[in-house]
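# Examining the three-dimensional arrangement
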Amino acid sequence: MPPVKSGAKTQKDAQKGQDLTQKYIDQDKRFGAQNYAPLPVVLERGQGVFVWDVEGKRYFDMLSAYSAVNQGHNHPKIVAAAKAQMDRLCLTSRAFYNDKMGDFIEKLAGITGMEKILAMNSGAEAVETAIKGMRRWGYEVKGIPKDKAEIIVCEENFHGRTSTIVSFSTDPDSYGGYGPAMPGFKIIPYDDPAALEKAITPNTCGFLVEPVQGEAGVKVPAPGYLRKCREICTKHNVLLCTDEIQTGFGRTGKMFCFEHDGIRPDMICMGKALSGGCYPISAVAADDSVMKVFKAGTHGSTYGGNALASVIAVAALGVIVDEKLPERSAELGAYFRAKLDTLKHPKLRTVRNKGLLLAIEFTDPIAKDFCKKMKAKGLLAKDTHAVTVRFAPPLVITKAQIDEAFVIIEAALKEF
Ligand code: IF1
């Protein structure tokens, strides 16, 4: 007999629930491309820091859809804004103006401190936009000879899945079998300003960097790294482009992670929490000296900046500001970190964090098994690179909820 799950009242209900879970997993196996290997949990509802599976079991969401759900699942203000707009107008394409995009880009320009915004949909599209912008700036403003522009990136980067972006990935899972690689990228070690300066040539147009490397396992660079990169880029007339798709919108304890170093990049890539998880919305911000290279007809997207997306982004940004999510993230990140620091286990190597982007690293490749054990106890988190588990709850989490989640983490660790 299967054990009774917390969401089911009787043994029979539990069996029914498990059958339902299996049905959805079978459907995925039967009809879906198998480009993911998810934990065997099928979610049907979310609210705040919690999600519920089809068996009625509740989980802490410690992934937040890779930091897209900083505002918490189904934030009522974002959902209400979306619902109201859906009755009015969703998509017109950019062949015409709509009456909502203006408020979106004005608000995002204010928050980023940049003059201009270019709206896209996925994070990868924002990065692609930045790459195209840096190259074109290189030719038109810096005077780099045709087709010679170079962009510098870092080892263990994660910037998305397009064929160009995976061309400069150092993870064989990401780039393997997808060649030929797009030329024009130079890869240097992360957190190494000297390597940046050495890699720059007269043909370098930009440096694309994550303020914290998420997929690499929450790799936090030395304080001042971005400040040094800023100085080097300025000195050599190279654009500094920070990928804030995962680190932005409060995740690391500031609105944007680059603020920890007190700098201003030339371009900012944003996505994920720009919609609070309610719609794919991404954007690039830059001053007009860079953004001017995008002339009419030279770049775009059917859905980018649509009315529905714009209204959702305005609401999602409003929640971040009104609920002081960056400040919460700083305070609660330190609180969560201090709790993780008390964990004692021979297989636990280290703890890292920047705000509410935290990770624990094991000495052995047990991260996936650890996630399975936490799942059984009602907490969902994701392993990365076999030895690391990332904890990134919605930023609306409370201290009491962190305490409750920590009990699960501690209990799961005891089973190793
Ligand atoms: C998947 C990782 C996280 C990103 C940064 C751009 C993008 C991402 C810094 C692209 C996206 C996601 C994609 C998701 C897994 C996830 C991820 F583990 F792969 F690295 F978050 F840590 N820049 N990251 O983190 O944005 O096009 O996906 O909207 O399954 O690929 P996107």
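Residues numbered from 1 in each chain as written. Predicted model: local features only at pLDDT ≥ 70, side-chain atom pairs only at ≥ 80, totals over all residues. Heavy atoms only, no water.

## A short note on the nonpolar core
Quick note on the threshold: Note on terminology: a nonpolar core comprises buried Ala, Val, Leu, Ile, Met, Phe, Trp, Tyr and Cys residues joined through side-chain atoms within 4.5 Å. Buried means the residue's accessible area, taken with a 1.4 Å probe over protein chains only, is under 20% of the maximum for its type, while exposed means over 50%, and partly exposed covers the values in between. Here a strand is any run of E in DSSP of at least two residues, a helix any run of H or I of at least four, and the numbering for each starts at the N terminus. For the domain bounds, the source is a domain assignment made automatically or taken from a database. Between two residues, a contact is recorded if the distance between any of their heavy atoms is within 4.5 Å.
Grouped together as the largest cluster of nonpolar side chains are 89 residues, with contacts concentrated most on Phe207, Met374 and Phe391. With ten residues, the top contributor of residues to this core is helix H11 (residues 307-322). In this structure, this core is formed jointly by two domains, domain 1 (37-71 + 325-414) and domain 2 (76-322), each of which donates at least three residues. Residue contacts for Phe391: discarding those within four places in its chain leaves Met62, Phe336, Leu340, Leu356, Leu357, Leu358, Ile360, Phe370, Met374, Leu379, Ala381 and Ile409. Listed in part, the 29 residues of the second largest apolar core include Leu118, Ile245, Val284 and Val293.

## Comments concerning the site of the ligand
What counts, and what does not: Near residues are defined by distance, with any heavy atom within 4 Å of the molecule or strand qualifying the residue. Nitrogen and oxygen atoms within 3.5 Å of one another constitute a polar contact, given that in protein one can donate a hydrogen and the other can accept it, and given that sequence-neighbouring residues count only through two side-chain atoms. Accessibility throughout is a Shrake-Rupley quantity obtained with a 1.4 Å probe, and a residue counts as covered only by protein chains that appear here. Any residue outside Ala, Val, Leu, Ile, Met, Phe, Trp, Tyr, Cys, Pro, Asp, Glu, Lys and Arg is labelled polar, Gly included; the first ten of those are nonpolar and the last four are charged.
In the vicinity of the ligand there are 16 residues, among which Tyr36, Ala124, Glu215, Asp243 and Arg390 approach most closely. Between the ligand and Phe158 there is a distance of 3.5 Å, counted from a nitrogen atom to a backbone nitrogen or oxygen. Measuring from an oxygen atom of the ligand, one finds a side-chain N or O atom of Gln246 at 2.9 Å. Look at the ligand: alone it shows 610 Å² of surface, and the protein chains cover 87% of it. For the shell around the ligand, the per-class residue count stands at five nonpolar, five polar and six charged.

## Topic: the domain arrangement of the protein chain
This is how the line gets drawn: Buried area is understood as the total, over both parts, of accessible area removed when two parts are fitted together, assessed with a 1.4 Å probe.
What the domain assignment reports for the protein chain is domain 1 (37-71 + 325-414) and domain 2 (76-322). Computed over C-alpha atoms only, the centres of domain 1 and domain 2 are separated by 26 Å. With 27 residues of domain 1 in contact, the opposing surface of domain 2 contributes 29 residues. Surface buried jointly by domain 1 and domain 2 totals about 2,100 Å² across both partners, of which 56% is contributed by carbon and sulfur atoms. The largest share of the area that domain 1 buries against domain 2 comes from Gln71, Lys354 and Leu357, three residues that together contribute 30% of it.

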